[in-house]
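Take a look at the letters that make up each chain.
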Amino acid sequence: MDRSSFASASSGELAAAAAVSGLGRPVRVIPLRHPTDTAARGPASSSAAAPSSLLSAAMERARGMGPWEWAEAALPCLAWMRRYRWKDDLQADLTAGITVGVMLVPQAMSYAKLAGLHPIYGLYTGFVPLIVYAIFGSSRQLAVGPVALVSLLVSNVLGGIVNSSSDLYTELAILLAFMVGILECLMGLLRLGWLIRFISHSVISGFTTASAIVIGLSQIKYFLGYSVTRSSKIIPLIESIIAGIDQFSWPPFLMGSVFLAILLIMKKLGKTNKKLRFLRASGPLTAVVLGTLFVKVFRPSAISVVGEIPQGLPKFSIPRGFEHLMSLMPTAVLITGVAILESVGIAKALAAKNGYELDSNKELFGLGIANICGSFFSSYPATGSFSRSAVNHESGAKTGLSGIIMGIIICGALLFMTPLFTDIPQCALAAIVISAVTGLVDYDEAIFLWGIDKKDFFLWAMTFITTLVFGIEIGVLVGVGFSLAFVIHESANPHIAVLGRLPGTTVYRNTLQYPEAYTYNGIVVVRIDSPIYFANISYIKDRLREYELKLPVSNRGPDVGRVYFVILEMSPVTYIDSSAVQALKDLNQEYKARDIQIAIANPNRQVHLLLSTAGIIDMIGAGWCFVRVHDAVQVCLQHVQSSSSNSIKLSPQASGNLTDSPKAQQRHGFLKNLWKAQDGNGSTDEAQSLLRQNLV
């Protein structure tokens, strides 16, 4: 039997034979079926033949959709409209919509002030986007509108381009909403929502904590009674606060502190006591009403008020200022990222709690349409609010009708209530913003990360510090950069485990995790816990060489003094590329020159097919591919035992170079003897004996 015929021996031939292992028990080798063997695949062939590309899969789904499914895909609101239970759902949606709508009116004006805009634009942002999202959005509990973090981003970028008192400032804020909407729609249509997965929770937590502190300090000017530099960096803010301390005014500080205390107490009571849940939503309205009454009664000159607010609904207009498009693009991308992080994350969590599934790409498209339509009615960028969505859920919202009701309340406020907003104290709106962002300060997360994962704590700390010191944009870039660096590092340095056999079983596990697992002399079983591709193949080859040079301590089998077999457990390997294929070829040649045989155990269909197509299977030998690690070990162990019974042990000093002398080759060349027998140069009896051992 020549070498080529032996190398092409099928796994079915291996399975047909039974022999006695080193422990004296019969072992049956399970055949590894070739991935192109359609006859052997049987029923699984239909699933393997299914379209693998995303485009083909999407076309298959589209062909299977009926008219109503197409309508629901275009207008997600139809999904809840046709199943709406008027008796059960209407009361809950009315209660939730009114509760959050009342909460939104003062919050919207507060966030507009934070963004450097007139309070009326906060109400506009809480009107059209809310209603449009209720139609095109897929979440039934998400409350869309102005939020603190996006408002700070708008203020930060536009403040560096134009003065906040000019009309261009407002035009650019509206243009930002249009740009954000376009980006969100594109990401939804191209199904790019997965990109946000590369930003870790540690980065998000550190970023939002730092942003909350900056937002709070930016609003402190309404408490102090004097102007503070507008900045997203903590150092200029603190310097400006200290520099103007001589202008400090007691009345707004006392009023603002009282309102803030009331808001925090009401929020705390609403969270801890279900019966007092309404207090959490009514806190902002309470602060506004009390502040307005105080100003109307006492007319304090030291308390600054909102001033006149235009009455009526926003008029249709096309966004302007497109000459500033490129300078606004980085901020539009950043706001889009924040929208994905905040909105989609909240929407998915609420969908899980309420028992329905949510497609993040549809959600992005719904948010995009809401922002585009809002920009035609004088809105600045809107996204899902964590606090209002939580209140909406807790108030029992069942469908998007609650969002429409919120929009109707804002509409009523714009039509009939704006004259009442004239005397709202600025410090009351500032207190609303500060109380809202206190929930974003997440020091508990930092303490938790310090206790379980120092790497994630480092990410949190770096993002937190850079956001505070260098601003929001730099903080996000640094956080995302470190997140990607950790992802790349983990991918390029995958976990590789040496496996041992658990006593009394045929199960092989990591010897570091299970010290009682035993290994065999001359055989190293290695599991690679990642795809194999160009970025990590060098690391994998280095580790394999390390296992060869630093022989693992083995406690079973004859002491042969060196490694003869390297078994690669490939079940965790989901993918292998051309660079890795070439590296495996080179590694096989290196091993063959040192009388080491590679064996492969349990590759998946895709990996097995690629290895076969690339010629790796032929190089290694089809007989050295196995379904189970245990099969591979038993076959290799038979060879080690056969070799050791006819050879002199090699001293540890001589194990470093197996080809130093003909004598060393003669002692430990049983693989060469096997190949020699296969080539016809050895005796027939010897070849038959070695072949039978391979069929164990």
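Up top is the structure.
Let us look at the structure shown here. (Residues numbered from 1 in each chain as written. Predicted model: local features only at pLDDT ≥ 70, side-chain atom pairs only at ≥ 80, totals over all residues. Heavy atoms only, no water.)

### Regarding the overall build of the protein
The condition that has to hold: Helix and strand labels come from DSSP, where a helix needs a run of H or I of at least four residues and a strand needs a run of E of at least two; each type is numbered from the N terminus. Relative accessibility under 20% of the residue-type maximum defines a buried residue, over 50% an exposed one, and the middle range a partly exposed one, all with a 1.4 Å probe and only protein chains included. By the convention used here, residues are in contact when the closest approach between their heavy atoms is within 4.5 Å. Computed by Shrake-Rupley with a 1.4 Å probe, the accessible areas treat only the displayed protein chains as cover when residues are assessed.
In terms of helices and strands, the protein carries 33 helices and 10 strands. In the protein, which comprises 696 residues, the proportion classed as buried is 51%. Contacts spanning at least 24 positions in sequence make up 79% of the contacts within the protein whose residues lie at least 6 apart. Carbon and sulfur atoms make up 62% of the accessible area of the protein, which amounts to about 31,500 Å² in all.

### Some points on a nonpolar patch on the surface
Filter applied, for reference: The patches described consist of residues with a relative accessible area above 30% and no salt bridge, like charges being joined within 9 Å and nonpolar side chains (Val, Leu, Ile, Met, Phe, Trp, Tyr) within 5 Å. Here, a salt bridge means any side-chain nitrogen of Lys or Arg that lies within 4 Å of a carboxyl oxygen of Asp or Glu.
On the surface, a nonpolar cluster with roughly 520 Å² of combined accessible area is contributed by W194, L195, F198, L484, V487 and I488. Mapped onto the secondary structure, F198 falls in the loop between α12 (167-189) and α13 (201-219). The class for F198 is partly exposed, based on a relative accessible area of 36%.

### Remarks on the sheet that holds strand β10 (residues 625-626)
Strand pairing in a sheet takes place through backbone hydrogen bonds and is either antiparallel or parallel in direction. Note the threshold: The pairing criterion for strands is at least two bridges between them, as found by DSSP. Here an angle of 0 to 180 degrees is reported between the N-to-C directions of two axes, which are lines fitted to C-alpha atoms, with helices fitted over the stretch in contact.
Strand order across the open sheet formed by 6 strands is β6-β5-β7-β8-β9-β10, with mixed pairing between neighbours. Each edge of the open sheet is held by one strand with a lone partner, namely β6 (508-510) and β10. Examined bridge by bridge, strand β5 (residues 496-501) and strand β7 (residues 523-528) share 3 bridges and lie antiparallel to one another. What sits directly across from V498, in β7, is V526. Strands β5, β7 and β8 (565-569) of the sheet are contacted by helix α26 (residues 537-549), whose axis makes an angle of about 40° with β5.

### Brief notes about the pattern of salt bridges
Scanning all chains against the criterion turns up 10 salt bridges. In this structure, the salt-bridge partner of D529 is R527, at a minimum N-O distance of 2.6 Å. Classification of D529 as partly exposed rests on a relative accessible area of 28%. The class of R527 is buried, set by a relative accessible area of 18%. One salt bridge in this structure joins R545 and D542, with 3.3 Å as the shortest N-O distance. Of the two residues, R545 and D542 are both situated in helix α26; the distance of 3 residues between them amounts to about one turn of the helix. Judged by relative accessible area, which is 26%, R545 ranks as partly exposed.

### Topic: the packing of aromatic side chains
Stated precisely, the cut-off is as follows: Only Phe, Tyr and Trp rings take part, Trp by its six-membered ring, and two of them pair if their centres are within 6.5 Å. Stacked means planes under 30 degrees apart, edge-to-face means over 60, and tilted covers everything else. Throughout this description, the term charge over a ring refers to an Arg CZ or Lys NZ atom that lies within 6 Å of the ring centre and within 35 degrees of the ring normal.
In this structure the tally under the stated criterion is 18 aromatic pairs. With centroids separated by 5.7 Å and ring planes inclined at 90°, the aromatic side chains of Y121 and Y124 adopt a geometry described as edge-to-face. Of this pair, Y121 and Y124 are both found in helix α9 (residues 119-125), 3 residues apart, which corresponds to roughly one turn of the helix. A relative accessible area of 22% places Y121 in the partly exposed class. Here the aromatic residues F178, F316, F322, F376 and F377 are joined through ring pairs into a cluster of three or more. K454 extends its terminal NZ or CZ atom over the ring of W450, reaching a point 4.7 Å from the ring centre. Here the basic side chain of K455 rests over the ring of F486, its NZ or CZ set 5.4 Å away from the ring centre.

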